[in-house]
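# Structure assessment
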Amino acid sequence: MNDNFRVGGNIFYTHTDRNSESQTNTEYTQPGVNEFKSSSSSTRDKGHNLRANFRIEWKIDPNNTLDFRPQFSFNSRNTQSGGESFMRNGGFDGDLVNSNITRQFNHGTSYNASGQLIFNHNFPSRPGRSFSVQANYEFSDTKQHSTSWSDIEYYLTSGSEDDTDKLYRFLDNHQWNNSVGARLTWTEPLGDVKRGNFLQVAYRLQYRFNNANKDTYNIPTPDETIGFMPEDFSTLPGSAIFDTDLSDRFRNKFGTQELQVGYKKVNSKYNLEAGMVFSPSSSASEDMLNPARNIPAQWVWNVAPFARFRYRFSKTKSIRADYRARTSAPSLTQLQPVADESDPLHITRGNPDLKPTFTQSVNVHFNNYNQESQRALMAMMRLQYSQNVIVNKTVSDPETGKRETTYTNANGNFSGFGMFMINQPFRNRKWRFSARASANYSSMAGYINGDFNRSGNLRLSPNAGLTFTCDVFQMSANPTYSFQMVTNSLPAQENMYTHAYGFHSDAALYLPFGLQVNTDLDFDKTSGYSNGFNSTSWLWNAQISYSVLRDKSLTFSVRAYDLLGQKKNISRSVSANGTITDSRYNDLTRYVMFGISYTFNTLKNKKRPEMDNFDGRPGPPPGGRQGGRGGMHRMGPPR
């Protein structure tokens with residue numbers, strides 16, 4: 001393969017067979033109402049996933065380049081799940097409002113194929129002038145059928161005809177989408193190209209054709225429902241009755257255009273780009289079952305500036321800042337004005353009058369590395385503001401505990417993130433100090449029983465540590481702490497505070513004959529979560545490996561995870577509609593893994609071709625890290 005024509009790519013296949021269990025506490029805080037829901041579920045999930053990515057690059061001549069990037073994926077999943085939930089009024093020990101026992105089977109397949117073609121041309125007669133065209137296409141097809149059973153009892157309406165709901169349903173869903181787009185870019189030097197002044201004009205066009213069929217069928221309820229297990233239907237049962245009210249066949253067309261005009265300045269110290277973006281978009285939808293639910297074409301116009309700036313103080317010190325804006329369309333689920341009763345106690349319904357969301361963001365990044373002292377500094381900041389953001393609008397019935405959610409547009413969602421990090425060795429270089437501090441704040445709009453609420457979520461995470469390193473041994477210790485505060489604008493909403501304390505320590509021993517021993521220890525303690533979800537845990541992992549052959553390229557290893565058997569997974573999520581959810585789920589805890597790895601280099605002393613960002617080999621798995629003698633990273637099971 002010569003340097004003018006290159007082909008690269010990768011193919012991945014994964015198979016999953018997973019049993020998962022979870023427990024969740026959800027608190028719904030509303031003016032005059034405080035509801036508490038506890039639920040548990042168990043799921044068996046089997047799946048196959050095949051993904052292929054390729055890239056073909058052809059340098060036709062010094063001034064023309066053609067680049068083609070096709071992708072393909074296939075996914076097949078079969079799941080069965082069961083669970084139960086209890087809703088109480090007034091908190092964890094309050095009176096029962098409802099209970100729900102569920103069983104569900106799902107079978108689905110999905111295909112996705114896409115391609116991107118890029119052509120670049122430079123004009124030899126006019127240095128600095130260039131033209132590029134980019135075309136892309138994407139197709140996806142997802143089919144899923146499911147059988148569900150819900151046995152619901154309402155305790156506050158006991159004795160009435162509506163004190164129970166027994167729902168037996170078969171759902172047949174099919175979504176297929178097409179997307180086509182193009183982008184044209186022209187760069188023109190202004191005056192002498194050596195002065196680094198350029199005019200840039202770009203035009204982008206994107207159309208998406210979204211199609212969704214959701215057919216819902218009611219199956220006759222059995223005579224005996226205690227301990228009932230629904231049948232896993234592979235095809236539509238003959239006794240099923242089509243439900244027009246819960247079914248729809250939706251067709252949506254969304255188009256957006258973007259004209260960008262800007263100025264670019266390039267010199268040895270800094271790069272600058274600035275200009276304006278004009279972005280109109282339109283959306284129209286049609287319901288094939290009920291024309292009354294059709295959505296006529298709606299247009300939205302957005303105008304915003306853009307800017308990118310990078311200044312190089314030296315080869316190892318620079319600052320970068322950019323501002324950008326983008327438009328995103330509502331999903332089909334958010335647009336469809338049809339009730340989704342997959343969870344009969346929480347019904348969702350789309351809003352056909354939704355507008356696209358317009359988001360503006362600012363990013364600043366600074367780094368500085370002093371080679372003489374080996375001190376590294378990094379700081380970054382990210383700000384984001386959204387208009388016409390799509391938010392949930394939830395109304396609940398205090399007598400039954402049922403909740404119904406639709407969507408609406410709101411302005412003023414804001415988020416900010418800041419982080420600072422320093423890594424500084426001491427004078428003898430065997431000891432190193434590191435510190436990292438981050439802050440994250442978001443302000444989200446939402447509605448609680450029709451009342452507007454703005455929820456604030458603040459997270460603070462300061463961390464520091466020490467590392468000792470010598471030729472055969474390395475050890476580090478890092479105390480950790482994080483704080484979360486949740487506030488609400490409605491006076492009836494209480495503020496929430498959670499704390500997480502702990503430390504992380506690791507050690508590595510490198511022996512000259514190829515033997516390596518690694519271990520790490522974590523301690524975590526949480527407070528402020530709902531009843532039963534605060535935890536204290538220790539996590540201890542260890543590994544021993546032995547490398548052989550002359551170049552130590554063949555390695556045998558044994559890894560033991562969670563030797564103390566105390567690992568816990570707990571998280572908290574917050575929304576602006578007054579919902580705070582604490583979750584605990586199971587994970588593969590204590591186990592031992594044996595491994596064999598072989599490292600080879602076919603290039604040896606040959607000069608490796610420059611292939612920046614060229615997909616010629618697979619990268620590490622998600623969450624994977626590469627360790628080495630420079631530092632022992634936290635061990636843990638693959639996710």
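Numbering of residues starts from 1 in every chain and runs along the sequence as written. Reporting in this predicted model follows two pLDDT cut-offs: at least 70 for local features of residues, and 80 or more for side-chain atom pairs to be given and counted; totals over whole chains, interfaces and linings ignore these cut-offs and use all residues. The basis for every side-chain value is the complete set of non-hydrogen atoms in the structure, without hydrogens or water.

### As for the pairing of strand S21 (residues 451–469)
Should DSSP find at least two bridges between two strands, the strands are taken to pair. Helix numbering and strand numbering both begin at the N terminus, where a helix is a DSSP run of H or I of at least 4 residues and a strand a DSSP run of E of at least 2. Strand direction decides the pairing type here: strand S20 (residues 431–448) and S21, joined by 18 bridges, are antiparallel. Bridging from a neighbouring strand, Ser434 pairs with Gly465 of S21. With antiparallel pairing between neighbouring strands as the criterion, S20 and S21 make up a hairpin whose turn holds two residues, including Asn449 at a positive phi of roughly 50°. Sheet topology note: the S21/strand S22 (residues 473–488) ladder contains 11 bridges and is antiparallel. Across the sheet, residue Arg459 finds its bridge partner in S22, namely Gln484. Between S21 and S22, which pair antiparallel in sequence order, lie three residues.

### Looking at the side chain of Ser282
Residue position: Ser282 is located in strand S10 (residues 270–287). Not counting residues within four places of it along the chain, the set of residues in contact with Ser282 comprises Lys253, Phe254, Gly255, Gln298 and Trp299. Note on contacts: a residue pair is in contact if any heavy atoms of the two residues lie within 4.5 Å.

### Looking at the environment of Leu66
One can find Leu66 in strand S3 (residues 64–89). Beyond its immediate stretch of four places on either side in the chain, Leu66 contacts Ile56, Glu57, Trp58, Ile60, Leu117, Ile118 and Phe119.

### Section: a nonpolar patch on the surface
Two joining distances apply to patches: 9 Å for like charges and 5 Å for nonpolar side chains (Val, Leu, Ile, Met, Phe, Trp, Tyr), and every residue must have over 30% relative accessible area and no salt bridge. Only the protein chains shown count as cover for residues, and the accessible areas themselves come from Shrake-Rupley with a 1.4 Å probe. Take a side-chain nitrogen of Lys or Arg and a carboxyl oxygen of Asp or Glu: if they are within 4 Å of each other, that pair is a salt bridge. Together, Leu184, Trp186, Leu190, Leu199, Val201, Tyr203, Leu259, Val261, Tyr263, Met276, Phe278 and Val303 make up an exposed nonpolar region whose accessible area comes to about 930 Å². Breaking the nonpolar patch down by element, the ones donating at least two residues are strand S6 (164–189), strand S7 (197–218), strand S9 (248–266) and S10. Position of Val201 relative to the elements: it lies in strand S7.

### Structural notes on the packing of aromatic side chains
Describing an aromatic ring pair means giving the distance of the ring centres and the angle of the ring planes. Aromatic contacts are taken between Phe, Tyr and Trp rings whose centres are within 6.5 Å, Trp giving its six-membered ring; a plane angle under 30 degrees counts as stacked, one over 60 as edge-to-face, and the others as tilted. The tally for this structure, following the rule as stated, stands at 21 aromatic pairs. Considering the side-chain rings of Tyr217 and Phe242, the 5.3 Å spacing of their centres and the 65° angle between planes classify their relative orientation as edge-to-face. Of this pair, Tyr217 sits in strand S7 while Phe242 sits in strand S8 (residues 241–242), and the two are 25 residues apart along the sequence. Ring centres 4.9 Å apart and planes at 70° place the aromatic pair Tyr311 and Phe313 in the edge-to-face group. Assessed through its relative accessible area of 38%, Phe313 is described here as partly exposed. Lysine and arginine charges are scored as sitting over a ring when NZ or CZ, respectively, is within 6 Å of the ring centre and within 35 degrees of the ring normal. In this structure, Arg129 packs its charged tip against the face of Phe123, placed 5.6 Å from the ring centre. Its guanidinium or amino end placed over the ring of Phe313, Lys317 lies 5.0 Å from that ring's centre, counting from NZ or CZ. The buried label applies to any residue whose accessible area, calculated with a 1.4 Å probe on protein chains only, is under 20% of its type's maximum; exposed applies above 50%, and partly exposed to all values in between.

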